[in-house]
Amino acid sequence: MSAASLRRAVRESVSGLPRAFWWLWTSTLVNRLGAFVATFMTLYLTLDRGYSASFAGLVVALHGLGGVVSSLVAGVMTDRLGRRPTLLAAQASTAFSVALLGFMEHPAAIAAVALLVGMTSNASRPAVAAMMADIVRPEDRVRAFALNYWAINLGFAVSATAAGLIAEYSYLAGFLGEAALTLACAVLVYVKLPESRPEGGGAGASGASGAASGKTGAGTEIGLGTVLRDGRFMGVVGLSFLISLIFTQGSVGLPVAMGSAGFSPGDYGLVIAVNGFLIVALQIPVTRLIEHRDPQKLLVISALLAGYGFALTAFAGPVWAYGLTVCVWTLAEIVNSPTQMSLVVRLSPVHGRGRYQGVYTMSWAVAALVAPLMAGFMIDRWGAGRLWAATGVLGTVAAAGYWLLMRNLPEGDRGTDPVAAGDAAAPKAAQPLPTGPALAAPLPAPADPLPTSGPVGAS
């Protein structure tokens, strides 16, 4: 690719997105630059504190349990109180709880504060996703989610390498560093991000119609029961749980396995940083390749790559071999994240986005609860080989599930989107969007190719 072509590709990938999106993107990047607890908690407990893999799995599971609780609560808060106050409260409380965790000595205290950290750190996810859907046009959402995921992994690639070195010097420094950067995110949200919740978001529902979808018509209250009765959406949530159960092993099963094999925290930091650096390098060009593709095929392929990419870890020996396995399942992440996030938004009614995102986020939180328990139990009893074999099975089951769900997904109406239709209820934050033809037609069914815009089109 020539320099001119590369510049054009970059320009097309980032153009046309509103200013509020870029502030949200920046807050995501800053937050992930400080990621430490989720990545190094297992090594901190097993290597620094000397606890067993089972206890480490229990603590990380409590961290996940906190996320399960906060996903639903934060989803409701996002719809009722607004995106901005939910983000601000979540990030400020995360900074406090992460700093507190670094000073805990007693095992019970560590477990209790880990639960608190899980609750606070997970609470921002529904608000971020809902705000992004509010301020970005439907035809740009896959691209926006991909760029946001790119920011997550740019920060992660840098922090994983630096934090691995910091951990060898002082785990407390890592906890305090994450707290400081998370607090900086809270300040950035307060100063730069306007509220984006559509007017009437506390009660109305511009959702899709039809009993099968579980969404109600305009003016009808959308509660958590509405979300849980939406069979199509809950199918996506269930499959997301299986995929997250696989990916979470990168931060729970992989460090324990590498630690047991005699590798240092710095070795693990270098290996897991491959994941972040690859996403930084490939997310944008791969998104350009997949944005016109059938999401059914993309989700099936990504599930297989995830499952068997982790399964290959059973055959890894030197550090570079672990890095190669990371390359395989990283490609699955690059494809799965923006494709699935776009599908979730398209299945969510406008004024219920917070609740829908909260339930979807819960799939990752439940996986964060189950995955460490599964990893600790299997590694302690049978060794890491059985764990990696299980990921291959999970990937196969998830691929079959995506194929069945997307094959039977009927054509149906989609909710009226104020960003798409120029609704008077559109949030103020969406007003700076570039002018262009309004999208009056319904969004295509998820089984169709993802919507595009111009030469770029589109987690």
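Please refer to the structure higher up on the page.
Parameters at a glance
For every chain, the first residue of the written sequence is number 1, and numbering continues from 1 along that sequence. In keeping with the predicted nature of the model, local features appear solely for residues at pLDDT of at least 70, side-chain atom pairs appear and are counted solely at 80 or more, and the whole-chain, interface and lining totals rest on all residues. Remark: hydrogens and water are excluded; side-chain values derive from all non-hydrogen atoms of the structure. A side-chain nitrogen of Lys or Arg and a carboxyl oxygen of Asp or Glu constitute a salt bridge if their distance falls within 4 Å. A run of DSSP states H or I qualifies as a helix once it reaches four residues; a run of E qualifies as a strand once it reaches two. Both are numbered from the N-terminal end. Each residue's exposure class comes from its accessible area (1.4 Å probe, protein chains only) as a fraction of the maximum for that residue type: buried when under 20%, exposed when over 50%, partly exposed otherwise. Only the six-membered ring of Trp is used, alongside the rings of Phe and Tyr, when aromatic pairs are assigned; centres must lie within 6.5 Å, and planes under 30 degrees apart are stacked while those over 60 apart are edge-to-face, with the rest tilted. Think of each axis as a best-fit line through the C-alpha atoms, taken over the contacting stretch in the case of a helix, with angles from 0 to 180 degrees between the N-to-C directions. Should the near helix be turned counterclockwise from the far one by less than a right angle, the crossing is left-handed, whereas a clockwise turn marks it as right-handed. Residues are treated as being in contact if the distance between any of their heavy atoms lies within 4.5 Å. Gly is put with the polar residues, along with every residue not named as nonpolar or charged; the nonpolar set is Ala, Val, Leu, Ile, Met, Phe, Trp, Tyr, Cys and Pro, and the charged set is Asp, Glu, Lys and Arg.

(A) Main features of the pattern of salt bridges. In total, this model carries four salt bridges according to the counting rule given. The salt bridge involving Glu-105 is made with Arg-49; its shortest N-O contact spans 3.6 Å. With Glu-105 in the loop between helix 5 (83-101) and helix 6 (107-122) and Arg-49 in the loop between helix 3 (37-48) and helix 4 (53-80), the pair connects residues that are 56 residues apart, well separated along the chain. Its relative accessible area of 56% is what places Glu-105 among the exposed residues.

(B) The arrangement of the packing of aromatic side chains in detail. For the structure on display, the rule yields twelve aromatic pairs. Ring geometry for Phe-21 against Trp-22: centres 5.0 Å apart, planes inclined by 75 degrees, an arrangement best described as edge-to-face. Among the residues examined, Trp-22 registers a relative accessible area of 25% and is labelled partly exposed. Geometrically, the ring pair formed by Tyr-51 and Phe-55 is tilted, given 4.5 Å between the ring centres and 45 degrees between the ring planes. Grouped by ring-pair contacts, the aromatic residues Phe-21, Trp-22, Trp-25 and Trp-150 constitute a single cluster.

(C) Structural detail: the packing of helix 13 (residues 265-290) against helix 15 (residues 319-346). Relative orientation of the contacting elements helix 13 and helix 15 amounts to 35 degrees, with a least axis distance of 8 Å. For the pair helix 13 and helix 15, the sense of crossing is right-handed. Contacts between helix 13 and helix 15 involve Asp-267, Val-271, Ile-272, Val-274, Asn-275, Leu-278, Ile-279, Leu-282, Gln-283, Val-286 and Ile-290 from the first element and Val-319, Tyr-322, Gly-323, Val-326, Cys-327, Trp-329, Thr-330, Glu-333, Ile-334, Val-335, Pro-338 and Thr-339 from the second. The class makeup of the residues in the contact of helix 13 with helix 15 is 16 nonpolar, five polar and two charged.

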